[in-house]
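# Analysis of the macromolecular model
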Amino acid sequence: MGRGKLRIYLGAAPGVGKTYAMLSEAHRRVERGTDCVVAFVEHHDRPRTEVMLHGLEQVPRREIDHRGGTFTEMDLDAVLARRPQVALVDELAHTNVPGSRNAKRWQDVEELLAAGIDVISTVNIQHLESLGDIVESITGVRQQETVPDEVVRRADQIELVDMSPEALRRRMAHGNIYRPDKVDAALSNYFRPGNLTALRELALLWVADRVDAYLTRYRSDHRVSAIWGSRERIVVGLTGGPEGRTLIRRAARLAEKGAGGEVLAVYIARSDGLTSASPKELAMQRTLVEDLGGTFHHVVGDDIPAALLAFARGVNATQIVLGSSRRKTWQYVFGPGVGATVARESGPDLDVHIVTHGEVAKGRGLPVARGARLGRSRRVWGWIAGVAGPPALAALLSAVDLGLANDMLLFLALTVAAALLGGLLPALASAAVGSLLLNYFYTPPLHRWTIADPKNIVAIVIFVAVGAAVASVVDLAARRTHQAARLRAESEILSFLAGNVLRGETGLEELLERVRETFGMESAALLERAGDVEPWTCAGRVGQGRPVERPDQADVDVPVGDHMALALTGRVLPAEDRRVLAAFAAQAAVVLDRRRLREEADRARALAEGNRIRTALLAAVSHDLRTPLAGIKAAVSSLRSEDVEWSEEDRAELLEGIEEGADRLDHLVGNLLDMSRLQTGTVTPLIREIDLDEVAPMALGGVPEGSVVLDVPETLPMVDVDPGLLERAMANLVENAVKYSPPDASVLVAASTLGDRVEVRVVDRGPGVPDEAKDRIFEPFQRHGDAPRGAGVGLGLAVARGFAEAMGGTLNAEDTPGGGLTMVLTLRAAGTRPEPVLPAEEPLAEPERQAS
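Let us look at the structure shown here.

## Observations regarding unusual backbone geometry
Unlike most non-glycine residues, Asp-45 shows phi in positive territory, near 60°. For Asp-45, the location among the structural elements is in the loop between β2 (36–40) and α2 (47–51). With a phi close to 55°, Glu-91 is a non-glycine residue in the positive phi region. Mapped onto the secondary structure, Glu-91 falls in the loop between β6 (86–89) and α4 (105–114).

In structure tokens form, the structure reads like this:
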């Protein structure tokens, strides 16, 4: 049984028609004979959406009782038992009511997919986890319900349901989305034209990136090398010179003119050291391109134009931006230059921009190291000078009689020229041909291959020796230059790599991608195994090449220790590249170890925190809970004793003591359970609009009558809270204030508005708390000052702050003017958060889903 397929309808905001489109697709599939059921669809009383449910089989929902209300959720077990071909599951980011099998609906969907059931679902762009900060900056509201991006990215199909902001606002105004009493608040808050436009752009760009990932994978799988200009990608060729910043800014302006333009800056380090870059300048350019939203790439290539074009085609670029050459006019005799070569070989699918700058024709700021063991053109000219030069020189000297000494010096000069141009072999050829010509034309007897004078024999031998010596020196210098330049290029890459790893900026996948990109490979994988006979497993892999399961299947493999190897596919690397590759492999092993150590540290930290909480709980149970238990037991034993006859007053006093001990136990156990829920993250607030004066009086039930003065104006706006959590939080604050207040001073509980928030201030006249301890008093199991053990386990304020933050509010401590401590509980006023405005996105907050 294979895994089911997931199809998601993605929208920019509620009301664009995601659920309607999902139900329309269901009807089409049912007409084709597909077994399709509605596992969970929320129509939110929208008539047109509700009509679409007719004719579709619906799996009955499961009812869950929670905190006095009854809620309905998808019955996962019933859907699995029904086993349809396709299940419709609305609102992928929804948080399930406590008591459900899974905390999130997307986890229910994962179970359906694992069971081989295809799922069609819906989600809004603001519920993607990675976009939380961006959505908050746009709307001013942090989304409480999110779904991991990876869950959505793994979907087999993603369909964008789009609508213009104007059309969506008209639909809202006509009452097609929310009830009439919600329309005005929605249009003036979340559904403002600016908000909708920004969210729409987010959705369009996210889907465009998803489509681009599909396109890249398709091109790789089908080995498509031609450039498809589906979006503007601009590659900037950097040399490390000061003109790079000008090129990056120009490329950024070009990218802004195209839809979804990207800027990719690339520095190609030649192994022959043709150019020398300033590391400081490259670092500045890297920062600049990343600040402008682009990416920086470092590539090794022997042929800069070819490497640049290969990189551009590999990333499906549409434009290349290069700077005008810094070479002086006379330097063009050595070739047309990188810019002209790239423009000539780019073909019709790549546009090349040559940008002028202030460094044009000023020469290079750093010395130029010449080619790798002499370039091809120099070797050709060397052979021409070594083979054809001596006959040409002999023809010229036949018309002029300069004497044997001068003739030999001219031939020696030609041999030196051949050595400088072509190296050892052309120089030896020049010396051999020149010596034969000198013997035949210029040493007696003339025009014969014999030499009469022994001195001429010595001269010719010295001539050949000098030519060979000069050629050897030139060849040795070329090899040393090549080695030094290559080592410099390697050191630049290793320095860059080590800096990233030491700063912790490179993960394993990023490092493998750097390896693949640097050496121009198709894929890179880090393989490991537990022992010599154990199978190899993949610790990390990037690229689209063929999967490698063992090192011997790769084109290049570098062992890392006894049980780890770096495997690359794409081409066979020369031996000299393996030194740098070995360093990458070692760093990959270090990164993998670091990641695992970090995971172990996180697990150890979680265990340590759990042990700390358990230790504190045991201490609380052994000490703080023993006192009321001992009091209750003593009172009950006294009442049951037959040796003493208790008066009615004594019996009432003992019963009162039992009741007080039981209340105290109930309060302590309640705080312990609440703290446990906060620590495990299982507190799920049921947000709804409520008047503060409905909750505040109930929070005073546990304190003596007359000890608290309540000042809650009737003109206060309603607040978006969970009534139960707010009551518990306020009760803890009031009890704490009464505990530390003098007997003759009452605690003041006052409420007021501040902008779009409501502040509740609990003011006492106790000893107060110094500034350095104001944050510490909110930590679990903390009691300030000399509070006795019987004063509680130190959880009241920690629970109150946890509940406040769970509802989207804050709790802080301030000094009371004149002495004492003021607890400031800040809550959101109704209409300023998405839950009441967007019931479709926060199902737990819908009053209509609660039982009457």
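## Remarks on the sheet that holds strand β9 (residues 233–238)
The strand order across the open sheet formed by five strands is β11-β10-β9-β12-β13, and the pairing between neighbours is parallel. Each edge of the sheet is formed by a strand with only one pairing partner; in this case those strands are β11 (295–300) and β13 (351–355). Averaged over all neighbouring strand pairs, the angle between strand axes comes to 25°, with direction disregarded. Pairing between β9 and strand β12 (residues 319–323): three bridges, direction parallel. Residue pairing for β12: Ile-234 is matched across the bridge by Gln-319. Running at roughly 150° to strand β10 (residues 262–269), helix α12 (residues 304–314) makes contact with β9, β10, β11 and β12 of the sheet.

## Describing the pairing of strand β21 (residues 747–754)
As judged from the four bridges shared by strand β19 (residues 708–711) and β21, these two strands associate in the parallel manner. Looking at β21, one finds that Asp-711 is bridged to Ala-750. Relative to strand β22 (residues 757–763), β21 is paired through seven bridges, and the arrangement is antiparallel. Bridge pairing links Thr-753 to Val-758 in β22. Count of turn residues in the β21/β22 antiparallel hairpin: two residues, of which Gly-755 carries a positive phi of about 65°.

## So, the nonpolar core
Counting 64 residues, the largest nonpolar core has Leu-88, Leu-92, Leu-112, Ile-125, Val-147, Phe-191 and Trp-206 as its most contacted members. A total of six residues in this core trace back to one element, the largest contributor, which is helix α9 (residues 193–221). Once you skip the residues sitting within four places of it in the chain, Val-147 turns out to touch Leu-92, Ala-93, Trp-106, Val-123, His-127, Leu-128, Glu-129 and Val-152.

## Description of the pattern of salt bridges
When the charged atoms of two side chains with opposite charge come close together, those side chains can pair. Tallied over the full model, the rule gives 27 salt bridges. Here Arg-82 and Glu-57 are joined by a salt bridge, their closest N and O atoms 2.8 Å apart. Of this pair, Arg-82 sits in helix α3 (residues 76–82) while Glu-57 sits in strand β3 (residues 57–58), and the two are 25 residues apart along the sequence. When its relative accessible area of 30% is taken as the criterion, Arg-82 is described as partly exposed. The salt bridge involving Arg-595 is made with Glu-509; its shortest N-O contact spans 3.7 Å. With a gap of 86 residues between them, Arg-595 in helix α19 (residues 578–624) and Glu-509 in helix α18 (residues 508–518) connect regions that are remote in the sequence. The exposure class assigned to Glu-509 is partly exposed, which follows from its relative accessible area of 35%.

## Overview of the pairing of strand β7 (residues 118–124)
The buried count for β7 comes to six of seven residues, which makes it a mostly enclosed element. Pairing analysis gives six bridges linking strand β1 (residues 6–11) to β7, with the strands arranged parallel. Counterpart to Leu-6 in the pairing with β7 is Val-119. Handedness of the crossover joining β6 and β7 through α4 is recorded here as right-handed.

## Description of a nonpolar patch on the surface
On the surface, Val-380, Trp-381, Ile-384 and Leu-421 cluster together into a nonpolar patch covering about 380 Å² of accessible area. Element by element, the count of residues in the nonpolar patch is highest for helix α14 (residues 376–397), at three residues. Considering the arrangement of structural elements, one finds Ile-384 in helix α14. By relative accessible area, which is 41% here, Ile-384 ends up partly exposed.

## Regarding the packing of aromatic side chains
For the structure on display, the rule yields zero aromatic pairs. Lying over the aromatic face of Phe-40, Arg-105 brings its terminal NZ or CZ to 3.9 Å of the ring centre. Directly above the aromatic system of Phe-778 lies the positively charged group of Arg-801, at a separation of 4.0 Å from the ring centroid.

The rules behind the values
Residues numbered from 1 in each chain as written. Predicted model: local features only at pLDDT ≥ 70, side-chain atom pairs only at ≥ 80, totals over all residues. Heavy atoms only, no water. Helix = DSSP H or I, 4+ residues; strand = E, 2+ residues; numbered from the N terminus. Pairing = 2+ DSSP bridges. Axes fitted to C-alpha atoms, helices over the stretch in contact; angles between N-to-C directions. Contact = heavy atoms within 4.5 Å. Core = buried A, V, L, I, M, F, W, Y, C linked by side-chain atoms within 4.5 Å. Buried < 20%, exposed > 50% of the residue type's maximum accessible area, 1.4 Å probe, protein only. Salt bridge = Lys/Arg side-chain N within 4 Å of Asp/Glu carboxyl O. Right-handed = clockwise from strand over helix to strand, strands pointing away. Patch = residues over 30% accessible without salt bridge, like charges linked within 9 Å, V, L, I, M, F, W, Y side chains within 5 Å. Areas by Shrake-Rupley, 256 points an atom, 1.4 Å probe, with all protein chains shown as cover. Phe/Tyr/Trp six-rings, centres within 6.5 Å; stacked < 30°, edge-to-face > 60°. Lys NZ or Arg CZ within 6 Å of the ring centre and 35° of its normal.

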